[in-house]
Amino acid sequence: MDALILVGSMMVLLLIGFPVAFAVGLSAFIGAWWIDLPLEAVVIQITNGVNKFSLLTIPFFILAGAIMAEGGIARRLVNFAYIFVGFIRGGLSLVNIVASTFFGAISGSSVADTASIGSVMIPQMEEKGYPRDFAAAVTASGSVQAVLTPPSHNSVIYSLATGGVVTISSLFVAGIFPGLLLGLCLMVMCLGFARKRGYPRGERIPFQQALKIFFDAFWGLFTVVIILGGILSGIFTASESAAIACLWAFFVTMFIYRDFKWNQLHILLFRTIKTVTIVMVLIAFASGFGAVMTFMQLPQLITEFFTSVSDNKYVILMCINVLLLVIGTLMDMAPIILILTPVLLPVTNALGVDPVHFGMIVMINLGIGLITPPVGSVLFVASAVGKQKIEQVVKAMLPFYCLLFVVLMMITYIPAISLWLPRMMGVM
């Protein structure tokens, strides 16, 4: 009954139009009232939820990604990716994916990736004879890499949701191989489509021009070196790397590329503050919600439920995948991570699943949710940028959904994909 009151009240509030953050917060108070938990205790948990130094990582990475997105880095990354794969049959679709790989490693956001890369690539692909809905589908699918590869904002949120059990640096390193695997699989599929549908080849770029493109893109790409190199070398923490990446992004955009006007800077800062505020309010209220769940002993009850369904580790992981896939189509990624991680982590711990590995399972599941109706935010952005109806984009996405499910199964049942690199680097 306790769980019904807590979860039921949240669902009712969502259905009547409450913002997710406030629905989570208000349902936490309703649940606390139901079990006679002092409301002051919930307020203390809400306050403690955002009183963490590691949370500085989020606003800095969001601002760094926003600055680079507005500063012309997307166009330069597309040109850089063209050097390597643009001359292959269907090369523009491969350029789209490779550029998304690079941009995701700078922005950490699938939405920013889709908007920035899509605005450059979708018109180019259409001009060369690619269907516009296919171009939008490639862009949306490729952007899922951003939730896996560093500096994924959602990896930071997952680290917080585990109570610090999993470090941000271990998640960043763990996401590199899964992200690259996803990109590689998408490229193989696009090559198949290109051969079957007769998509055109591009032209090889002369060496001198390629060298010029490389140096032009180098300044933006160096952001990745700052983020990963600094963390892995131990020079600075994830939070410090985010701050330094932010300063570097500002320097490159305003003084080297100079595509962004100074009089627009305050607008960019306002949008970033608005985004960060939404995220922080959600984290705060989710902390209170999680505390009420703990008092109700919901994590233990959920663990008992899953272990009663089956004693087979692989069957339970499949059940968890189905749960995350379904919920991921109905809610945004951050609230799901904050609400379900404290519930599901005890289950996977009981199965002997490493928390870092489980983090990658969560990321790829919910990343698929971002491009799946009815609430897939990335899907809507791809549709808007591509100027296509949602139905057309979803139809073009069907083969990509199948491929993403295959990648999900690989990440779920082959732990080494996620764990080999962080263990080798000694970050876990």
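## Let's talk about the overall build of the protein
Working step 1: Secondary structure assignment for the protein yields 22 helices and zero strands.
Working step 2: For 428 residues, the compact-globule formula gives about 22 Å, and the C-alpha radius of gyration of the protein, at 22 Å, lands near that figure.
Working step 3: Per-residue burial over the protein gives 56% buried out of 428 residues.
Working step 4: Residue pairs at least 24 apart in sequence account for 78% of intrachain contacts in the protein once pairs closer than 6 positions are excluded.
Working step 5: Carbon and sulfur atoms provide 69% of the accessible area of the protein, an area that totals close to 18,200 Å².
Working step 6: Of the charged side chains in the protein, 21 are positive and 17 negative, and the gap between their average positions amounts to 16 Å.

## Regarding the state of the cysteines
Such a bond, covalent and formed between the sulfur atoms of two cysteines, is termed a disulfide.
Working step 1: This structure, assessed with the given rule, holds zero disulfides.
Working step 2: Considering cysteine sulfurs only, cysteine 185 is the nearest to cysteine 190, which forms no disulfide, with 11 Å between them.

## Remarks on a nonpolar patch on the surface
Working step 1: Residues Val12, Leu15, Ile16, Phe18, Phe22 and Leu26 make up a contiguous nonpolar surface patch of roughly 600 Å² in combined accessible area.
Working step 2: Among the elements of the structure, helix 1 (2-15) and helix 2 (20-34) are those that each provide at least two residues to the nonpolar patch.
Working step 3: Tracing the backbone shows isoleucine 16 in the loop between helix 1 and helix 2.

## What to know about the nonpolar core
Working step 1: Ile58, Phe134, Tyr158, Ile337, Phe358 and Phe400 are the most contacted members of the largest nonpolar core, which totals 151 residues.
Working step 2: Non-local contacts of phenylalanine 358, meaning those with residues more than four positions away in its chain, are made with Tyr158, Ile320, Leu344, Leu345, Thr348 and Val353.
Working step 3: Grouped together as the second largest cluster of nonpolar side chains are five residues, Val173, Ile176, Leu228 and Leu421 included.

## As for the environment of tryptophan 420
Working step 1: Among the secondary structure elements, tryptophan 420 is positioned in helix 22 (residues 416-425).
Working step 2: Relative accessible area serves as the criterion here: at 45%, tryptophan 420 is assigned to the partly exposed category.

## Observations regarding helix 1
Working step 1: Here helix 1 spans 20 Å end to end across 14 residues, near enough to the 20 Å set by a 1.5 Å rise per residue.
Working step 2: Buried residues belonging to helix 1 abut helix 2, helix 15 (265-295), helix 16 (298-309) and helix 18 (333-351).
Working step 3: Looking one or two residues past helix 1, glycine 17 carries a phi angle of roughly 105 degrees, positive in sign.

## So, the pattern of salt bridges
When the charged atoms of two side chains lie near each other, side chains of opposite charge can form a pair.
Working step 1: All told, the structure shown has two salt bridges when counted by the stated rule.
Working step 2: Among the salt bridges present, the one from aspartate 216 reaches arginine 76, with a minimum N-O distance of 3.2 Å. You can see aspartate 216 sitting in helix 13 (residues 207-233) and its partner arginine 76 sitting in helix 5 (residues 73-85), a full 140 residues away along the chain.
Working step 3: For arginine 132, the salt bridge identified is with glutamate 126, shortest N-O distance 2.2 Å.
Working step 4: Relative accessible area serves as the criterion here: at 15%, arginine 132 is assigned to the buried category.
Working step 5: Judged by relative accessible area, glutamate 126 falls into the partly exposed class, the value being 40%.

## As for the environment of leucine 182
Working step 1: Note that leucine 182 resides in helix 12 (residues 176-197).
Working step 2: You can call leucine 182 buried: its relative accessible area is 0%.
Working step 3: Apart from the residues within four sequence positions on either side, leucine 182 is in contact with Val144, Gln145, Leu148, Ile364, Leu404 and Val407.

## Here's the deal with the packing of helix 17 (residues 313-328) against helix 19 (residues 355-370)
Two measures define how a pair of helices packs: the angle their axes make with one another and the distance between the axes.
Working step 1: In contact at an axis separation of 8 Å, helix 17 and helix 19 are set at 35 degrees when each is read in the N-to-C sense. Crossing hand, helix 17 versus helix 19: right-handed. Here Leu317, Ile320, Asn321, Leu324, Leu325 and Gly328 of helix 17 come into contact with helix 19, specifically with Phe358, Ile361, Val362, Asn365, Leu366, Ile368 and Gly369.
Working step 2: Looking at the contact of helix 17 with helix 19 residue by residue, the class counts come to nine nonpolar, four polar and no charged.

## Notes on the side chain of threonine 162
Working step 1: Here threonine 162 is to be found in the loop between helix 10 (153-161) and helix 11 (168-174).
Working step 2: By relative accessible area, threonine 162 is classed as buried at 8%.
Working step 3: A polar side-chain atom of threonine 162 sits 3.4 Å from the main-chain amide nitrogen of valine 165.
Working step 4: Beyond its immediate sequence surroundings of up to four residues, threonine 162 is in contact with Thr341 and Leu345.

## Notes on the packing of aromatic side chains
Working step 1: On inspection of all chains with the given rule, the structure shows 26 aromatic pairs.
Working step 2: With 6.1 Å between their ring centres and 45 degrees between their planes, phenylalanine 134 and phenylalanine 400 make a pair best called tilted. In this pair, phenylalanine 134 is assigned in helix 8 (residues 132-143) and phenylalanine 400 in helix 21 (residues 390-413), connecting sequence segments 266 residues apart. Taken as a pair, phenylalanine 134 and phenylalanine 400 share a single burial class, namely buried.
Working step 3: Between phenylalanine 177 and tryptophan 420 the ring centres are 5.7 Å apart and the planes differ by 10 degrees, which places this aromatic pair in the stacked class. Of this pair, phenylalanine 177 sits in helix 12 while tryptophan 420 sits in helix 22; the two residues are 243 residues apart in sequence, bridging distant segments of the chain.
Working step 4: Judged by its relative accessible area of 34%, phenylalanine 177 falls in the partly exposed class.
Working step 5: Taking NZ or CZ as reference, arginine 76 lies 3.7 Å from the ring centre of tyrosine 257, over its face.

Quick notes on the rules
Residues numbered from 1 in each chain as written. Predicted model: local features only at pLDDT ≥ 70, side-chain atom pairs only at ≥ 80, totals over all residues. Heavy atoms only, no water. Helix = DSSP H or I, 4+ residues; strand = E, 2+ residues; numbered from the N terminus. Rg over C-alpha atoms; globule rule 2.2 N^0.38 Å. Buried < 20%, exposed > 50% of the residue type's maximum accessible area, 1.4 Å probe, protein only. Contact = heavy atoms within 4.5 Å. Areas by Shrake-Rupley, 256 points an atom, 1.4 Å probe, with all protein chains shown as cover. Lys, Arg positive; Asp, Glu negative; His and termini not counted. Charge placed at Lys NZ, Arg CZ, Asp CG, Glu CD. Disulfide = S-S within 2.5 Å. Patch = residues over 30% accessible without salt bridge, like charges linked within 9 Å, V, L, I, M, F, W, Y side chains within 5 Å. Salt bridge = Lys/Arg side-chain N within 4 Å of Asp/Glu carboxyl O. Core = buried A, V, L, I, M, F, W, Y, C linked by side-chain atoms within 4.5 Å. Expected span 1.5 Å × (residues − 1). Axes fitted to C-alpha atoms, helices over the stretch in contact; angles between N-to-C directions. Left-handed = near helix turned anticlockwise from the far one by under 90°. Nonpolar A, V, L, I, M, F, W, Y, C, P; charged D, E, K, R; others polar. Polar contact = N/O pair within 3.5 Å; in protein donor to acceptor, adjacent residues only side chain to side chain. Phe/Tyr/Trp six-rings, centres within 6.5 Å; stacked < 30°, edge-to-face > 60°. Lys NZ or Arg CZ within 6 Å of the ring centre and 35° of its normal.

Note that every value here comes from positions in space, so none of it alone points to a role or purpose.
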